[in-house]
Amino acid sequence: MNLMELDDFHWLMDILQTIDVGLVVIDRHYHVQLWNGFMENHSGHLASHIRGQSLIEQFPDLPEGWLRRKVEEVFALRSPVFSSWEQRPRLFDFVSTRPFTGHSVLMYQNITLMPLLSRSGNCDHICIILYDVTDAAIGKLGLQQANQQLKALSITDRLTGLYNRGHWEECLRLEYQRYQRTSSPVTLMMFDIDFFKKINDTYGHPAGDAVLRRVSATLRHELRNTDIAGRYGGEEFGVLLLDTDTTTAHAVAERLRIAISNLLIEHEGQQITLTISLGLACLAKSMANAADWLVEADNALYHSKRNGRNQVTLARPAIPLREMNAGHLTHC
Ligand SMILES: Nc1nc2c(ncn2[C@@H]2O[C@H](COP(=O)(O)OP(=O)(O)OP(=O)(O)O)[C@@H](O)[C@H]2O)c(=O)[nH]1
């Protein structure tokens, strides 16, 4: 090596040592041959101590199975392999201190595994290149989280926490379409608080809001996770009871009716009781679209209202469910 080449070599070594990227060279037995300054700083292991040692033994937390698969792939194909933080957040559990917030988090890493060929063309070593992409990853994750929160807000009714009308109607259309493919029973339950205007007028609007929140909480408590509940209007609610035929839907509706009629809502020293009227419509092939389905359930609900409130009616033909219990069960 002449003097010029020696200078070049020293510069290269300086660069490798100080570059803000992790560089590790391993042989076929996973023994470390090169460990640069970045790796020393973040791992706490000096190059002089780790050189010649097994990477796997020195770092028991490494994802060994994943690393071995990737390394063997690089040796076999003699071409680089890349893994982004989105596929696997990190190879080494290094802590990163974020410059702007001073907040410590585990470092997110992009990884490249590169085959190193000897002058005779053999591939007996691999270089692991490790990029600290923590800031980009945290930024992207934050954005994703903000987008999820925005989406949740855009489909949620502020007062009750149930789905808002727009999103719930979208679910109604999707369930209608799903039924065309699967024909599995699905029942729509619409209900409305009885004499809600009187509650507002007697106890005040904030008390009315408290009633709406409590009714929604009771509804959530009575439903299965798969049921889809939304606030349809002021004091009207819609629930899609999935995989539920008329008989089961009736049991759900009655349970809800009784639970609501048993509520005693305390608001600023006042005790409020209430009832609801319900309508059920099991989806049938004869219904031309989701709007038809909704009309059927709404008609059943208004039948309950006209018939004295605090009761359940099944659509087509409108039958109060008290009669169903007496043996007049009609399926739609
Ligand atoms: N507190 C409160 N009241 C609301 C809200 N949205 C709608 N309302 C009220 O709900 C009441 C609905 O009254 P009506 O449509 O006459 O129905 P109702 O008094 O429940 O009578 P029936 O449905 O026939 O039993 C109106 O007074 C609305 O102002 C809300 O978000 N909060």
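Whatever comes next refers back to the structure up there.
Each value, and the rule that gives it
Residues numbered from 1 in each chain as written. Predicted model: local features only at pLDDT ≥ 70, side-chain atom pairs only at ≥ 80, totals over all residues. Heavy atoms only, no water. Phe/Tyr/Trp six-rings, centres within 6.5 Å; stacked < 30°, edge-to-face > 60°. Lys NZ or Arg CZ within 6 Å of the ring centre and 35° of its normal. Core = buried A, V, L, I, M, F, W, Y, C linked by side-chain atoms within 4.5 Å. Buried < 20%, exposed > 50% of the residue type's maximum accessible area, 1.4 Å probe, protein only. Helix = DSSP H or I, 4+ residues; strand = E, 2+ residues; numbered from the N terminus. Contact = heavy atoms within 4.5 Å. Polar contact = N/O pair within 3.5 Å; in protein donor to acceptor, adjacent residues only side chain to side chain. Pairing = 2+ DSSP bridges.

Caption draft 1: Spotlight on the packing of aromatic side chains. All chains considered together, the criterion is met by seven aromatic pairs. Among the aromatic residues, those joined into a cluster by ring pairs are Trp35, Phe59, Phe92 and Phe94. Positioned over the ring face of Phe75 is Arg28, at 4.2 Å from the centre of the ring. It is Arg165 that lies over the ring of Tyr232; its NZ or CZ is 4.0 Å from the centre.

Caption draft 2: Broad picture of the nonpolar core. Judged by nonpolar contacts, the single largest core of 30 residues is most densely connected at Met189, Phe191, Ile193, Val211 and Leu219. Elements that contribute at least two residues to this core include exactly strand 8 (187–193), helix 8 (196–203), helix 9 (205–222), strand 10 (236–241), helix 10 (246–261), strand 13 (276–282) and strand 14 (312–314). Non-local contacts of Met189, meaning those with residues more than four positions away in its chain, are made with Leu219, Phe237, Gly238, Val239, Leu241, Ala253, Leu256, Leu278, Gly279 and Leu280. In this structure, Ile26, Tyr30, Leu62 and Val74 belong to the second largest nonpolar core, which totals 29 residues.

Caption draft 3: Structural detail: the side chain of Asn36. Its place among the elements puts Asn36 in the loop between strand 2 (32–35) and helix 2 (37–43). One polar contact links the side chain of Asn36 to the main-chain carbonyl oxygen of Val21, over a distance of 2.9 Å. One polar contact links the side chain of Asn36 to the main-chain amide nitrogen of Leu23, over a distance of 3.2 Å.

Caption draft 4: Geometry of the pairing of strand 2. The sheet contact formed by strand 1 (residues 22–27) and strand 2 spans three bridges and is antiparallel. What sits directly across from Ile26, in strand 2, is Val32. Linking strand 1 back to strand 2 in an antiparallel pair, the connection comprises four residues, with Tyr30 at a positive phi of about 65°.

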